[in-house]
Protein chains: 2
Amino acid sequence: MREAFHDELDSIFIDLAGIARKVQHAVARATEALMTGDVHIAEEVISGDEAIDLAREAVEEKSFELLSLQQPVAGDLRTVVAALRMVAELERMGDLSVHVAKIARLRVPSVAVPAQAEPTIRRMATVAEMMTAKTAEIIENRDVEAAADLAQDDDEMDRLRRNSLRELLSADWTHGVEPAVDLALLGRYYERIADHAVSVARRVVFVVTGETTIDA
Amino acid sequence: MREAFHDELDSIFIDLAGIARKVQHAVARATEALMTGDVHIAEEVISGDEAIDLAREAVEEKSFELLSLQQPVAGDLRTVVAALRMVAELERMGDLSVHVAKIARLRVPSVAVPAQAEPTIRRMATVAEMMTAKTAEIIENRDVEAAADLAQDDDEMDRLRRNSLRELLSADWTHGVEPAVDLALLGRYYERIADHAVSVARRVVFVVTGETTIDA
């Protein structure tokens, strides 16, 4: 019984890592659509979100089955509930990639990001994608050490977001309101992807160590 | 045993409704801070968020205890897990109110919202607060009918958000980049509060009827 439980749980964590990989791909492709103004890539991210939603539902069903059939208590119970929360956050990261792709699509055949703002937004996108990749690895390897790194990446993201806002609110900004609004929202989306990555990683730490200092 | 389970569950739902009321208050006060530029009200919302976080933790603990001690299956299990999800969304609605209050605080002693944009933002705030109030009632009364109304309110919110973006991107916009960026983000925060209200209400419908058409 216990062994069946842990096999099932492992299978759920493999699914979670797989969803994180799908999200990483969505973040990367949404950013590509954004930087190139390629409507096909944007559409691919938008329609591809359904696969993430379906994968989420599958994990939810597996988790409920596990709870119902195995009736775990204590740490095992908390691990299954943590998995349910992780899958909800991963799905949300997918939604946020769709939001990025939709801003890209809105500006086709132009590009939403003016050249002046490109380095900051590109770095935010890279950090968001990297954090999503790390999250997949952390889930795969139950890697508590790597989870600690994510907090530093998130600090960089917060700095980038502040820089981006400062840039578009400065007197030197010559691109007008529309790109500024796009960038403010894009910054928010990438920042939220990063927040969710940190949160998912914290849940893995909690699952492995049973310890949580903050909202895990 | 079954009776004890349902008493505990009722107590969790009473707690959830109480948190929804706290969030409703936070939305209303954050909006007041925004419209008046009153830094004390903004600070009150920001520091008041801790009470919502603590109330969330208490509901989580109660829910885990209930799962551990009573080992519910089928519908009862799904109801407890739904409660865990609802409390996470309610807490997030509180965080979004804090984001509104922080924009208000950032612009003190000015007011972030130009007179031209006030009617739309005020209506968004009213709809968000009303939806939060309805969510509290829906949780209190397990009111499936009322939950259907929320979808209509959410449609209004989406229209308001589109109008707001159209307004600040139009040629008539004379207030420059900063208020436009503030309004784009404020619109996003109110819209997300509304989304979460709809989602919490759907979970109540699911708990009562066992049916879910969409992501509940």
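All of these numbers come straight from a predicted model, not from anything done at the bench.

Student: Teacher, can you tell me more about the overall build of chain A here?
Tutor: Within chain A one finds 6 helices and 0 strands. Along chain A, helices (α) and strands (β) appear in the sequence α-α-α-α-α-α when read from the amino end. The dimensions of chain A, computed from C-alpha atoms along their principal axes, are 65 × 35 × 20 Å. Out of the 216 residues belonging to chain A, those deemed buried represent 54%. Working note: accessible area of chain A is about 9100 Å², and carbon and sulfur atoms make up 51% of it. Charge separation in chain A, taken as the distance between the mean sites of 24 positive and 40 negative side-chain charges, equals 4 Å.

Student: Whenever I open this one, the relation of the copies chain A and chain B confuses me. Can you help?
Tutor: Relating one copy of the chain to the other requires a rotation about an axis plus a shift along that axis. Of the transformation superimposing chain A on chain B, the axial component is 0.0 Å and the angular component is 180°, with the fit at an RMSD of 0.0 Å. What the rotation and shift describe, once combined, is the action of a two-fold rotation axis. Of all interface residues in chain A, 100% are interface residues in chain B too; the two copies therefore contact each other through one and the same surface.

Student: I'm lost on the environment of Arg-122 of chain B in this one. Help?
Tutor: For Arg-122 of chain B, the location among the structural elements is in helix H4 (residues 118–141). With 90 residues separating them in the primary sequence, Arg-122 of chain B and Glu-32 of chain B have C-alpha atoms 9.6 Å apart.

Student: Can you walk me through the interface of chain A and chain B in this structure?
Tutor: A common measure of how large an interface is: the accessible area buried when the components associate. Opposite the 35 residues of chain A that make contact, chain B presents 35 residues. Of the roughly 2800 Å² buried between chain A and chain B, counting both surfaces, carbon and sulfur atoms make up 56%. Between Glu-61 of chain B and Arg-78 of chain A there is a salt bridge, with the nearest N and O atoms lying 3.1 Å from each other. Summed over the shared surface of chain A and chain B, the result is 4 residue pairs in polar contact (both at pLDDT 80 or more).

Student: In this structure, what is going on with the packing of helix H3 (residues 74–107) of chain A against helix H2 (residues 39–70) of chain B? I would like to understand it.
Tutor: Each packed pair of helices is defined by two parameters, the angle between the axes and the distance between the axes. Where H3 of chain A meets H2 of chain B, the closest approach of the two axes is 10 Å, and the angle between their N-to-C directions is 125°. By the angle between their directions, the pair H3 of chain A and H2 of chain B is classed as oblique. Here H3 of chain A runs over H2 of chain B; the crossing is right-handed. Packed against H3 of chain A, whose contacting residues are Ala-74, Leu-77, Arg-78, Val-81 and Arg-85 of chain A, the element H2 of chain B presents Glu-60, Glu-61, Phe-64, Leu-67 and Ser-68 of chain B at the interface. Each residue belonging to the contact of H3 of chain A with H2 of chain B can be placed in one class, and the counts come to 5 nonpolar, 1 polar and 4 charged.

Student: Explain helix H1 (residues 2–36) of chain A here, please?
Tutor: Side chains of residues three or four places apart in an α-helix project in the same direction, reflecting 3.6 residues per turn. Between its first and last C-alpha atoms H1 of chain A spans 51 Å; for 35 residues at 1.5 Å apiece the expected length is 51 Å, and the two agree. Of the residues flanking the end of H1 of chain A, it is Gly-37 of chain A, one or two places downstream, whose phi is positive at about 70°.

Student: What is the right way to read the side chain of Ser-97 of chain B from this model?
Tutor: One can find Ser-97 of chain B in helix H3 (residues 74–107). When sequence neighbours within four positions are dropped, the list of residues in contact with Ser-97 of chain B reads Val-23, Ala-26, Val-27, Ala-30, Val-45 and Ile-193 of chain B.

Student: What exactly am I supposed to notice about the confidence of the model for chain A here?
Tutor: Note: predicted coordinates in regions of low pLDDT should not be interpreted at a detailed level. All names here are of chain A. Across chain A, the average pLDDT comes to 94, with 97% of residues at or above 70. The lowest-confidence element of chain A is helix H5 (residues 144–169), averaging 94 in pLDDT; the highest-confidence one is helix H4 (residues 118–141), averaging 97. In the model output, the complex is listed with pTM 0.94 alongside ipTM 0.92.

Student: Any chance you could explain the side chain of Asp-154 of chain B here in plain terms?
Tutor: Residues and elements named next belong to chain B. Secondary-structure assignment places Asp-154 in helix H5 (residues 144–169). Put simply, Asp-154 is tucked away with no salt bridge, and the nearest opposite charge, on Arg-202, sits 6.3 Å away. Setting aside residues no more than four positions away along its own chain, Asp-154 makes contact with Met-131, Ala-194, Asp-195 and Val-198.

Student: What is the right way to look at the pattern of salt bridges in this model?
Tutor: Side-chain pairs of opposite charge can arise whenever the charged atoms involved come near each other. The tally for this structure, following the rule as stated, stands at 40 salt bridges over all chains. Linking Arg-21 of chain A and Glu-140 of chain A is a salt bridge whose minimum nitrogen-to-oxygen distance equals 3.4 Å. Of this pair, Arg-21 of chain A sits in helix H1 while Glu-140 of chain A sits in helix H4, and the two are 119 residues apart along the sequence. Shared partners join several salt bridges into a network, and the residues in it are Arg-56, Glu-60 and Glu-91 of chain A together with Arg-85 of chain B.

Student: So what exactly am I meant to see when it comes to the packing of H5 of chain A against helix H6 (residues 177–209) of chain A here?
Tutor: Residue and element names in this part refer to chain A. Following both chains from N to C, one finds H5 and H6 inclined at 165°, their axes separated by 9 Å at the closest point. Comparing their axes, H6 and H5 come out roughly antiparallel. Crossing geometry of H5 relative to H6 is assigned as left-handed. When grouped by side-chain class, the residues that make up the contact of H5 with H6 number 16 nonpolar, 2 polar and 6 charged.

Student: Help me understand the packing of aromatic side chains, please; the structure alone is not making it clear to me.
Tutor: Centre distance and the angle of the planes are the two values used to describe a pair of aromatic rings. Under the criterion given, the structure shown has 0 aromatic pairs over all chains. Looking at Arg-78 of chain B, its charged tip hangs above the ring of Phe-64 of chain A, at a distance of 4.1 Å from the centre. Residue placement shows Arg-142 of chain B over the ring face of Phe-13 of chain B; its charged tip is 4.1 Å from the ring centre.

Student: What is the right way to read the environment of Pro-114 of chain B from this model?
Tutor: Residues and elements named next belong to chain B. Tracing the backbone shows Pro-114 in the loop between H3 and H4. As for Pro-114 and Thr-174, which are separated by 60 residues in sequence, their C-alpha atoms are 9.9 Å apart. Excluding anything up to four places from it in sequence, Pro-114 contacts Trp-173, His-175, Pro-179 and Leu-183.

Student: Just to check I follow, could you spell out unusual backbone geometry for this structure?
Tutor: Negative phi values dominate among residues other than glycine, just as trans dominates among peptide bonds. All names here are of chain A. Here Val-108 and Pro-109 are connected by a cis peptide whose omega angle stands at 5°. A positive phi angle, close to 45°, is found at Gln-71, a residue other than glycine. Relative to the assigned elements, Gln-71 resides in the loop between helix H2 (39–70) and H3.

Cut-offs applied
Residues numbered from 1 in each chain as written. Chains lettered and ligands numbered in written order. Predicted model: local features only at pLDDT ≥ 70, side-chain atom pairs only at ≥ 80, totals over all residues. Heavy atoms only, no water. Helix = DSSP H or I, 4+ residues; strand = E, 2+ residues; numbered from the N terminus. Buried < 20%, exposed > 50% of the residue type's maximum accessible area, 1.4 Å probe, protein only. Areas by Shrake-Rupley, 256 points an atom, 1.4 Å probe, with all protein chains shown as cover. Lys, Arg positive; Asp, Glu negative; His and termini not counted. Charge placed at Lys NZ, Arg CZ, Asp CG, Glu CD. Least-squares fit on C-alpha atoms with pLDDT ≥ 70 in both. Contact = heavy atoms within 4.5 Å. Buried area = accessible area lost by both parts, 1.4 Å probe. Salt bridge = Lys/Arg side-chain N within 4 Å of Asp/Glu carboxyl O. Polar contact = N/O pair within 3.5 Å; in protein donor to acceptor, adjacent residues only side chain to side chain. Axes fitted to C-alpha atoms, helices over the stretch in contact; angles between N-to-C directions. Parallel < 35°, antiparallel > 145°, perpendicular 65-115°, else oblique. Left-handed = near helix turned anticlockwise from the far one by under 90°. Nonpolar A, V, L, I, M, F, W, Y, C, P; charged D, E, K, R; others polar. Expected span 1.5 Å × (residues − 1). pLDDT = per-residue confidence, 0-100. Phe/Tyr/Trp six-rings, centres within 6.5 Å; stacked < 30°, edge-to-face > 60°. Lys NZ or Arg CZ within 6 Å of the ring centre and 35° of its normal.

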